[in-house]
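Architecture at a glance
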Amino acid sequence: MRQVGLILGSREARPLEFWVAVPEGSYLRLDDLVCVEFPHPEPSLGNVRYYGMVDEVFKLYEGKTFDTDVFLAERQLLPVSLAYIAHVQVTRILPEEYLPPSPGAPVYLADEEETLGLALYYERMGERKLPVGLLKNGQVAYVNFEFVNGFKGGHINISGISGVAAKTSYATFLLHSLFHSRANPHPSTTKALIFNVKGEDLFYLDKPNRGLREEDRQAYQRLGLPAQPFTHVAFLAPPRRSPGDILPDVTRLDARPYYWDLVQFCREGLLPFLFADRGTMSNLGFLIDQVTERLRWLVKDQEGPDLWVDDWGEDDLGKTVDFAGLGRRRIASFAELVRYIEYKLLGPEASEDEEKPKGDPRWTARQARGTLEAFVRRLRASAANVEHLIRGDRPGQPPRPLQTPAQLSVIDIHQLHAQAQMFVVGALLQDVFGRKERDEYKGRVFVVLDELNKYAPREGESPIKDILLDIAERGRSLGVILIGAQQTASEVEGRIVGNAAIRVVGRLDAAEAERPEYRYLPASFRQRAVILPQGTVILHQPEVPVPLALTFPLPAWAMKQEEVEEDLSASALSQLID
């Protein structure tokens, strides 16, 4: 090990922190790991070894009184000495004897694999070392996979400014590591789903990145990961609104359109995901649950895709309603289903007495007319946003990521209305969580969800927020791990962020960096978070007492169409022609 200084004697040296005087010709930087060893006062106990990380460095002239003395010193008119000092936060003491280190003890740079591993507890992780980036000195940074897969902890939360913090790039890098690292003993049964919320950026994850440089390939080699795009990827997109064949609303030709039929919508209880503001009225939530149960009861013996009912008054017949069902009436679109629910709640429109209850009491659950009308208004408003996603003309093709051979499923929602996005995310998470609860899938499932503050805001309640809370609090025991991302963690429900074992921070807004949600970072790291360059993140994990500043290589997969490296081989061209 290379000596880089001595423990300072002019400042207090404590068991958990000390200062280092750096001699001329040497240097210490932020994030450097150091090691100190000195004899135990009890000779029979041998030496005590300290490991720590540099979290502050500075220089100053000693012997000067005034600020302008620096000009005299530069002209050699004033005798001064240059002091180069570093502050070290202790990460580990071996053996665990909390003695203050002795001033004058030599300090060594812990840049070798063995000493660095002891400083960051890598030997405790054993075979569960999951590579998550590169340290300043080029060494690989690891987290304990047991704090990712739910065994000891679970969930990852990523914060940072959009466009600078590279949250999505780092989330896909983590998925790549999960799929290919030896830390994961069951990669073949590990699945992930990621929601595409910006353009069609994630629709090229299976294409190589033409911007990948040789230094990036070497970085992947050091990480023990292949420099290749994702394989076994399924791309799903909502259908276009145009009539005729159902086609995905994206440019990628092999993407599969997803949608639900009316029977699936009712049977799976998806109605609540159309109401993001159920907390605004005290009885609205109760009415939503009541109607959801009536719809589930309505379709118990039906196969779909359309619905048949036998209790819709003739004065409310729609133009598309037919009588082919022996006295029953067919509901073939979501708009018709909304009209049917309106009829069951408010009764016939032609009724004379407006104040008299006219709805079906089995549906209204004795709610006041104001509550019923509020429900109907919200449901009517949703029809235009989701009618192409909930349909009665074709058997449904909802996204089922746990029932496909694909390891990674990309679900596009970027062109959907915000209400439709809520519906898709809520319906899909409910399906995944329900299947894991019923033990229908044995492997781990990682859910990557950006804009977490929109789906689980700090204030208010909604069905999708309830599911995300369920995943955050019970998901790790079931094998459902949330990789959530947002610009500002302060706007996300605290229980979701608090349950994340691994927290990652990219470039932060200066005001956001001072929020209490980031108090787990030392002050120097919060200051650095404001100026972090793209591709650098700060990672905090339970097993290492200090955060780690990391870089990660350029994604080996394309994150947008311009990055795609075209495959001009004969086989690729032949496949394209076919």
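Look above for the structure.
As a starting point, this report considers the structure included with it. Because the structure is a prediction, the values reported are computed rather than measured.

Quick notes on the overall build of the protein chain
Secondary structure summary: the protein chain contains 17 helices and 22 strands in total. By principal-axis analysis of the C-alpha atoms, the protein chain measures approximately 100 × 65 × 55 Å. Counting only residues that meet the buried cut, the protein chain has 54% of its 578 residues in that class. For the protein chain, long-range pairs separated by at least 24 residues make up 72% of all intrachain contacts whose partners lie at least 6 apart in sequence. Carbon and sulfur atoms form 49% of the exposed surface of the protein chain, whose accessible area is close to 26700 Å². In the protein chain, 67 side chains carry a positive charge and 81 a negative one; their mean positions are 2 Å apart.

Section: helix α8 (residues 334-346)
With 13 residues, α8 should cover 18 Å at 1.5 Å per step; its first-to-last C-alpha distance of 18 Å lies within 8% of that length. Of all the 13 residues making up α8, 11 are buried; the element is thus mostly covered by neighbouring parts of the structure. Among the residues of α8, those classed as buried are Phe334, Glu336, Leu337, Val338, Tyr340, Ile341, Glu342, Tyr343, Lys344, Leu345 and Leu346. Within two residues after α8, Gly347 carries a phi angle of roughly 80°, on the positive side.

Description of the environment of Ala110
Its place among the elements puts Ala110 in the loop between β6 (106-109) and α2 (113-119). Judged by its relative accessible area of 1%, Ala110 falls in the buried class. Between the alpha carbons of Ala110 and Gly52 there is a distance of 8.8 Å; along the sequence they are 58 residues apart. In this view, Ala110 contacts Leu33, Val34, Cys35, Thr115 and Leu116; residues no more than four positions away in its chain are not counted.

Side note on the sheet that holds strand β5 (residues 81-94)
The strand order β1-β2-β5-β4-β3-β6 describes a closed barrel built from 6 strands, whose pairing is antiparallel. Taking each pair of neighbouring strands and ignoring which way they run, the sheet shows an average axis angle of 40°. As defined by bridge partners, strand β1 (residues 3-7) adjoins β6 across 3 bridges and the pair is classed as antiparallel. Looking at β6, one finds that Gly5 is bridged to Val107.

Comments concerning the packing of aromatic side chains
The tally for this structure, following the rule as stated, stands at 16 aromatic pairs. Centre to centre, the rings of Tyr258 and Trp260 are 6.1 Å apart; their planes meet at 80°, and the pair counts as edge-to-face. One exposure class covers both Tyr258 and Trp260, and it is buried. Here Tyr340 and Trp363 contribute two aromatic rings whose centre-to-centre distance is 5.8 Å and whose plane-to-plane angle is 90°, an arrangement assigned as edge-to-face. Separated by 23 residues along the polypeptide, Tyr340 in helix α8 and Trp363 in helix α9 (residues 361-364) bring together distant segments of the chain. Taking relative accessible area as the criterion, Trp363 reaches 1% and is therefore assigned buried. Among the aromatic residues, those joined into a cluster by ring pairs are Tyr258, Trp260, Phe265, Phe334 and Phe423.

A few points about the nonpolar core
Judged by nonpolar contacts, the single largest core of 83 residues is most densely connected at Tyr170, Leu175 and Leu408. Listed in part, the 75 residues of the second largest apolar core include Val263, Phe265, Leu287 and Leu402.

Considerations on helix α4 (residues 167-180)
Across its 14 residues, α4 extends 20 Å between first and last C-alpha, which sits within 8% of the 20 Å expected from 1.5 Å per residue. Summarising burial for α4: 13 of the 14 residues are buried, a large majority.

Describing the side chain of Asn209
Along the chain, Asn209 falls in the loop between β10 (191-196) and α5 (214-223). A polar contact of 2.8 Å, which involves the side chain of Asn209, links it to the backbone nitrogen of Gly211. The contacts of Asn209, once residues within four sequence positions are left out, are Leu554, Pro555, Ala556, Trp557, Ala558, Glu563 and Glu565.

Concerning the pairing of strand β21 (residues 536-540)
Within β21, 5 of the 5 residues are buried, leaving the element largely enclosed by the surrounding structure. On β21, burial covers both faces: Thr536, Ile538 and His540 on one face and Val537 and Leu539 on the other are all buried. In this sheet, β21 lies alongside strand β20 (residues 502-505) in antiparallel orientation, the contact comprising 3 bridges. Counterpart to Arg503 in the pairing with β21 is His540. Pairing analysis gives 4 bridges linking β21 to strand β22 (residues 548-551), with the strands arranged antiparallel. Opposite Leu539, over in β22, you have Leu548 as the bridge partner.

Scoring rules and cut-offs
Residues numbered from 1 in each chain as written. Predicted model: local features only at pLDDT ≥ 70, side-chain atom pairs only at ≥ 80, totals over all residues. Heavy atoms only, no water. Helix = DSSP H or I, 4+ residues; strand = E, 2+ residues; numbered from the N terminus. Buried < 20%, exposed > 50% of the residue type's maximum accessible area, 1.4 Å probe, protein only. Contact = heavy atoms within 4.5 Å. Areas by Shrake-Rupley, 256 points an atom, 1.4 Å probe, with all protein chains shown as cover. Lys, Arg positive; Asp, Glu negative; His and termini not counted. Charge placed at Lys NZ, Arg CZ, Asp CG, Glu CD. Expected span 1.5 Å × (residues − 1). Pairing = 2+ DSSP bridges. Axes fitted to C-alpha atoms, helices over the stretch in contact; angles between N-to-C directions. Phe/Tyr/Trp six-rings, centres within 6.5 Å; stacked < 30°, edge-to-face > 60°. Core = buried A, V, L, I, M, F, W, Y, C linked by side-chain atoms within 4.5 Å. Polar contact = N/O pair within 3.5 Å; in protein donor to acceptor, adjacent residues only side chain to side chain.

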